[in-house]
Every structure is written in C-alpha cells, then in structure tokens.
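# Architecture at a glance
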Amino acid sequence: MRYFSPDAYVMVRPATAFRALAAQPAVPGPWTAWRRPLFIAFLLGCTISLTTTGSLTLRLVVSAALSWSFVPAIEIAALALVLHGAGHWGRLPRLVDVFCMGCSAWSVWLIGVSLIFAAVPPAHVFKVFYSWLEVGGVLVLLWSAYVDYCFFHEVLRCSGARARRVLLVHRLLSWIPILLIISLPAIVPAIVFLAGR
Amino acid sequence: MSVRLLLIGAMLTAALATRTWHDLRRQTPRVVLNGYQALAVVFHVHTHPLSSAALTPWDVVTEAQRAQLDAIAVTPHNHVWAAKMARWFSGLIGGPIVLVGEEISASQCDLLAVGIDQTIAWGRRALRTIGDIRRQGGIAIAAHPLPGDWPGCDEAVARLDGSEVVHPLVFGNDENAAALRAFNARGEMAAIGDTDFHIGQFGMARTYVFARERSAEAIVEAVRARRTVVYDRGRAYGDPALVQLAADDGRVPRMAADAAPRRLGTVDGAVAIAGLIAAILFGSRERTTLER
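The structure presented is a predicted model; accordingly, all values stated were derived computationally and were not measured. (Residues numbered from 1 in each chain as written. Chains lettered and ligands numbered in written order. Predicted model: local features only at pLDDT ≥ 70, side-chain atom pairs only at ≥ 80, totals over all residues. Heavy atoms only, no water.)

## Topic: the overall build of chain B
If you tally the helices and strands in chain B, you get 10 helices and 11 strands. Projecting the C-alpha coordinates of chain B onto the three principal axes gives extents of approximately 75 × 45 × 40 Å. By sequence separation, contacts in chain B at least 24 residues apart represent 67% of the contacts at least 6 residues apart. Summed over all atoms, the accessible surface of chain B reaches about 12000 Å², with 56% contributed by carbon and sulfur. (Helix = DSSP H or I, 4+ residues; strand = E, 2+ residues; numbered from the N terminus. Contact = heavy atoms within 4.5 Å. Areas by Shrake-Rupley, 256 points an atom, 1.4 Å probe, with all protein chains shown as cover.)

Spelled out as structure tokens, the structure:
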C-alpha cells in the first residue's frame, strides 16, 4: 500500500488499516478535521455536476457542494455525539479525519454514479442507474457498516458488542436526519400507503 | 505540495475550467406558429431538499436556461415552497417562466398540480384532489400513470387536463411507453412529455405548448385547451392539427430533435472522473506505519 492513500487502504482492509492508523502518532494541524469532510462535500458537488451535464461546471459544483454539505456535517455531528463522554473529545480532529477515511467506499460508489450518467446511452441510463443504486448501494451499505465497525473497534478500542451498538446509534443519529432532509414529504405518504395496504 | 497532488489538482482544475468556460447561457429559440408561441416546457421537476432530487430550486432554473427551455413547472413532493423559491430566483435573474406546482400523492394516483399557489393535501382520492387543484386555478396532470396507478387515476380520467406520455420510464422500455400512451387515450387529455427530474440530464423529455403569449397563465390555458405536442424518437403525440402545423413548418420538430437525450460523456468529464478517482486512491499519504 506504499503508493496508495490511507483511504484506499481503509476501503480494502479496514481492520488492519485502522489498527495501523491508531498506532501511529499524529499531530493534528488546523486542517485535520476539515480536509476530508470538505473533500466529501466537493465530491458530492462534482457527482451532481457530472450526472447533470457530464462535466464539471463551477455553477453546479459549488452550489451542489454547499447544498449537500449537510451530509458530512451530520455524519460528523453524529460522530461527535457518540464520542461525547467516552474520553475521546480531545482528539476529535484526528478522529474525524480517520473516520472520514472510511467513506471511500461511498466515494467510489458516487463516482460510479457519475460514470453511469456520463457513459451509458439515455435509453438505458436509468435501468443501469437503478441497478447500481440497488445492488451497488446495498453492497456499499454493508461494507461501509463493517468499515465503521472496524473504526469503532480498532481506533476507539470498543469491544465487539459495544462497537456494534455505537455503530447502530451513529447510523440512526446520522441517516434518519439525512433521509428526512432529502425526502421527508415523499417518505411520509409512502409509509402511510404501505401501512394502509 | 507533492507532484502527485499537483497532478490531481491540475486534472480537476482543467476539467472545471474547460466546462465552466463553455457554460454560457444559450438563447432559447422563439417560434411563432399561427399566432401561437411554441414554448418548450417541462412540467415535472423535483428539487433538493425535501423532494429526493439532486439540484436546488436555483440550480433547476439555471439548468432550464442551459437546456433551452422556455418554462418549467417545479413540482416537489407534497409542498410548494421550493417552487415559489425557484420562481422568485428566476425572476431575479431573468430566467425561464417558472410555474408553481407540486406532485401530490393522491390515493393510488400521483398527480401534478401546476399553476397553483398553496399546498394541497395528499392522500385523498384523485377526484377530490383535482377539485382542490381547480379551485386554485391550476391544471391536473397524471404523473407517470403506469397500470399500477390506473385504479386510483381511473375515476379522474374525465377531469384530468393532461397525462405524461413521454417520460424517462419509456426510454428503453416499450411496455411502459405503450402503457402511458394507453392511459392518455382513455380520455381527452393533453399529451405531456416530462423529465420527472430527480437526477440526470435536464429536459430529457419536454412538451411543446402552443400558448397565446409567453406567460405562466397562457401555458396553463393552453394545456387546459389541449394545445400540446410531444416528440419521442420520430413519433409525435398531441393535438393532430398542431402536430401537422409543426411538421409543415419544420422548426419545432428540429428543436425537439436537437433536444433529444444523448450520451453526456465528454473528454473533460472523463478527465474529471479520473482526477476524482486519483484523489481517493492517491490523494493523501500517511507516512510511517502504513508504508511498511
């Protein structure tokens, strides 16, 4: 892994990578807590620009990065909440940085979305996209849950059971607000109709 | 800064600069036929947040300009505030006409309410929902009425102003295309071509509305009078007299052919994707233990 980023290393071998990252001394700089969340927001902006126009335009990249920045913001707020009271508060910038390394599987999935909209002919683009959303999305969902479990287990030194609990709490604290922000007015009728059937 | 980071930065900057340079506002062609303005309209646009879409209300306005649309109806799920924001922003920048609307989850039938001003309650039967739309002076369009929606939409067929006959669901799926056409044929409804924008190419399908003037009110009146034409891969739907009029003139079918969805891929887009992959795989280094 000499030439690859730690993000790539975490994506492929999360337990080993997080163990190594936890073991190495790191002095957080002023950008430590910000650089990866900002990159995630930038990547979201790029993905939206690429899926809409097939290329990067400043107009869409900046606007979409800002309007979707609530995703990394909520992820980190949820992380801060689960870390609160566990004695990790002092090294939060470094922990945020290492935690965000675990988002690389989602990043690759997002780039896949960009690639689909850029490369697949319009007649098939939504069919391929929905397959990627369902199959690829579920795989990344499961793998990223394992990656985050490894983060809590290896970096925060939680026991297996505690790491699973913290993972679940983090998921609930972050994903519920994110999903509600994205589509609350569509989710409620869908649930009501499903419940009524 | 390392050479690696400089290279990644250069790739992304080049991709961004190339397209931003060409991302200029394009003039929307104006066509007048028999006294009617032929306006390119998309009646089904979702926005972010709160409507499962990628773009904000202001971004859909600028995208509509880029896609050479004369008007859009912003139709978020079960609310209208995003549509009002889009209308305000478009007025501010001199953008396309924005009609305020919403996609209402009626009982087993999704309806587009266009030309309204207040949010309409969801979950009611289609007929009652259409009554609420009409009371606000709006038009009701059946959104992607595939056979699963027919039981809920059927009772409202006589009161619907239009139904989507061309929609991204029909691309590459002849069964869906036939179902949307069959539903449209069940009543006297205007043919509507819509993008149902959540993500992807803006304006993939559009409706040519033959309006008396360039205004939101005139567009609503034209749909109510069934003065619409929709094109899909060489076929035309809608008012037969207007289809013939447009065919004889030739400009509207040419505009439709120019606007037909095509593969988005570009060289600068490929460079951007390569740059993003490189940023993830090689963007940062943690020395010491990870190098062992």
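## Side note on the packing of helix α7 (residues 104-119) of chain A against helix α10 (residues 267-282) of chain B
Contact geometry for α7(A) and α10(B): axes closest at 11 Å, N-to-C directions at 170°. By the angle class used here, α7(A) and α10(B) are roughly antiparallel. Across from A:S104, A:S107, A:V108, A:I111, A:S114 and A:L115 in α7(A), the residues of α10(B) making contact are B:I273, B:L276, B:I277 and B:I280. Of the residues contributing to the contact of α7(A) with α10(B), the split by class is 7 nonpolar, 3 polar and no charged. (Axes fitted to C-alpha atoms, helices over the stretch in contact; angles between N-to-C directions. Parallel < 35°, antiparallel > 145°, perpendicular 65-115°, else oblique. Nonpolar A, V, L, I, M, F, W, Y, C, P; charged D, E, K, R; others polar.)

## Digging into helix α8 (residues 240-249) of chain B
Note: α-helices contain 3.6 residues per turn, so residues at a spacing of three or four share the same orientation. Residue and element names in this part refer to chain B. Of the positions making up α8, those classed as buried are L242, V243 and A246. Burial along α8 is one-sided: seen end-on, the buried residues are contained in an arc of 105°. When the buried face of α8 is taken as reference, the exposed residues oriented beyond 90 degrees from it are P240, A241 and D248. Contact partners of the buried residues in α8: β1 (32-33), β9 (207-211), β10 (228-232), β11 (235-238) and α9 (251-259). Where α8 begins, the capping side chain belongs to D239, and its oxygen is found 2.9 Å from the backbone nitrogen of A241. (Buried < 20%, exposed > 50% of the residue type's maximum accessible area, 1.4 Å probe, protein only. Arc of directions from axis to C-beta. Polar contact = N/O pair within 3.5 Å; in protein donor to acceptor, adjacent residues only side chain to side chain.)

## What to know about the pattern of salt bridges
Counting across every chain of the model gives 22 salt bridges over all chains. Put simply, B:D117 and B:K84 hold a salt bridge, and the shortest N to O gap is 4.0 Å. One end of the pair, B:D117, is in the loop between β5 (109-114) and α4 (126-135); the other, B:K84, is in helix α3 (residues 81-93), and 33 residues separate them in sequence. With relative accessibility at 29%, the residue B:K84 sits in the partly exposed group. Connected through salt bridges with shared partners, the residues A:D7, A:R35, A:R36, A:R94 and A:D97 form a single ionic network. (Salt bridge = Lys/Arg side-chain N within 4 Å of Asp/Glu carboxyl O.)

## Here's the deal with the pairing of strand β6 (residues 139-142) of chain B
Residue and element names in this part refer to chain B. Judged by which residues are buried, β6 turns out to be covered on both faces: I139 and I141 on one side and A140 and A142 on the other are all buried. In this sheet, β6 lies alongside β5 in antiparallel orientation, the contact comprising 4 bridges. Following the sheet pairing, V114 is matched in β6 by I139. Examined bridge by bridge, β6 and strand β7 (residues 162-166) share 2 bridges and lie parallel to one another. (Pairing = 2+ DSSP bridges.)

## A word on the environment of A:L184
Along the chain, A:L184 falls in helix α9 (residues 160-196). Once the C-alpha coordinates of A:L184 and A:S49 are considered, the two residues, 135 residues apart in sequence, prove to be 24 Å apart. Excluding residues within four positions of it along the chain, A:L184 makes contact with A:L179 and B:L50.

## Structural notes on helix α2 (residues 57-66) of chain B
The element α2(B) is largely enclosed, with a buried count of 8 among its 10 residues. Every buried residue of α2(B) is accounted for by B:P57, B:D59, B:V60, B:V61, B:T62, B:E63, B:A64 and B:Q65. Tucked into the core, α2(B) has its buried residues touching α3 (32-53) and α4 (58-67) of chain A together with β2 (36-45), β3 (71-74), α3 and β4 (97-106) of chain B. Trailing α2(B) by a residue or two, B:Q68 shows a phi angle of about 55°, which is positive.

## Side note on the nonpolar core
Counting residues in each nonpolar core, the largest one holds 135 residues, and the members touching the most others are A:F151, A:F152 and B:I72. Among the elements that take part in this core, helix α8 (residues 122-155) of chain A stands out by supplying 10 residues, more than any other. Mapped onto the domain boundaries, this core takes at least three residues apiece from domain 1 (1-28 + 263-292) and domain 2 (31-261) of chain B. Once residues within four sequence positions are removed from consideration, A:F151 is found in contact with A:F18, A:L79, A:L95, A:V98, A:F99 and A:L156. Judged by nonpolar contacts, the second largest core, of 21 residues, contains B:L39, B:V41, B:L112 and B:A190. (Core = buried A, V, L, I, M, F, W, Y, C linked by side-chain atoms within 4.5 Å. Domains from an automatic or database assignment.)

## A look at a nonpolar patch on the surface
Together, A:L168, A:L172, A:I176, A:L180, A:L184, A:V188, A:V192 and B:W122 make up an exposed nonpolar region whose accessible area comes to about 650 Å². Of the residues examined, B:W122 reaches a relative accessible area of 31% and is grouped as partly exposed. (Patch = residues over 30% accessible without salt bridge, like charges linked within 9 Å, V, L, I, M, F, W, Y side chains within 5 Å.)

## Brief notes about the environment of B:R251
Residue and element names in this part refer to chain B. The topology assignment puts R251 in helix α9. When its relative accessible area of 32% is taken as the criterion, R251 is described as partly exposed. Between the C-alpha atoms of R251 and L160, which are 91 residues apart in sequence, the distance is 29 Å. A polar side-chain atom of R251 sits 2.9 Å from a polar atom in the side chain of D249.

## Focus: the packing of aromatic side chains
Residue and element names in this part refer to chain A. Taken as a whole, this structure holds 19 aromatic pairs over all chains when the rule is applied. Here the aromatic rings of F18 and F151 are separated by 5.6 Å at their centres, their planes lie at 70°, and the arrangement is edge-to-face. Of this pair, F18 sits in helix α2 (residues 14-23) while F151 sits in helix α8; the two residues are 133 residues apart in sequence, bridging distant segments of the chain. There is no split in this pair, since F18 and F151 are both buried. Cluster of aromatic residues (ring-pair linked, three or more members): F18, F99, F151 and F152. (Phe/Tyr/Trp six-rings, centres within 6.5 Å; stacked < 30°, edge-to-face > 60°.)

## Here's the deal with the interface of chain A and chain B
Opposite the 69 residues of chain A that make contact, chain B presents 61 residues. Carbon and sulfur atoms supply 66% of the area that chain A and chain B bury against each other, a total of about 5100 Å² over both sides. In this assembly, chain A and chain B are joined by 21 residue pairs in polar contact (both at pLDDT 80 or more). Of all the secondary-structure elements, those providing two or more residues to the side of chain A that touches chain B are α1 (6-12), α2, α3, α4, α6 (92-101), α7, α8 and α9 of chain A. The residue makeup of the side of chain A that touches chain B, split by class, is 47 nonpolar, 14 polar and 8 charged. (Buried area = accessible area lost by both parts, 1.4 Å probe.)

## Side note on the domain arrangement of chain B
Frequently, the measure chosen for interface size is the accessible area that the parts lose on association. All names here are of chain B. Under the domain assignment, chain B is made up of domain 1 (1-28 + 263-292) and domain 2 (31-261). With 6 residues of domain 1 at the interface, the matching set in domain 2 holds 9 residues. Across the interface of domain 1 and domain 2, roughly 700 Å² is buried in total on both sides, 41% from carbon and sulfur atoms. The interface formed by domain 1 and domain 2 includes 0 salt bridges. Across the contact surface, domain 1 and domain 2 share 0 residue pairs in polar contact (both at pLDDT 80 or more).

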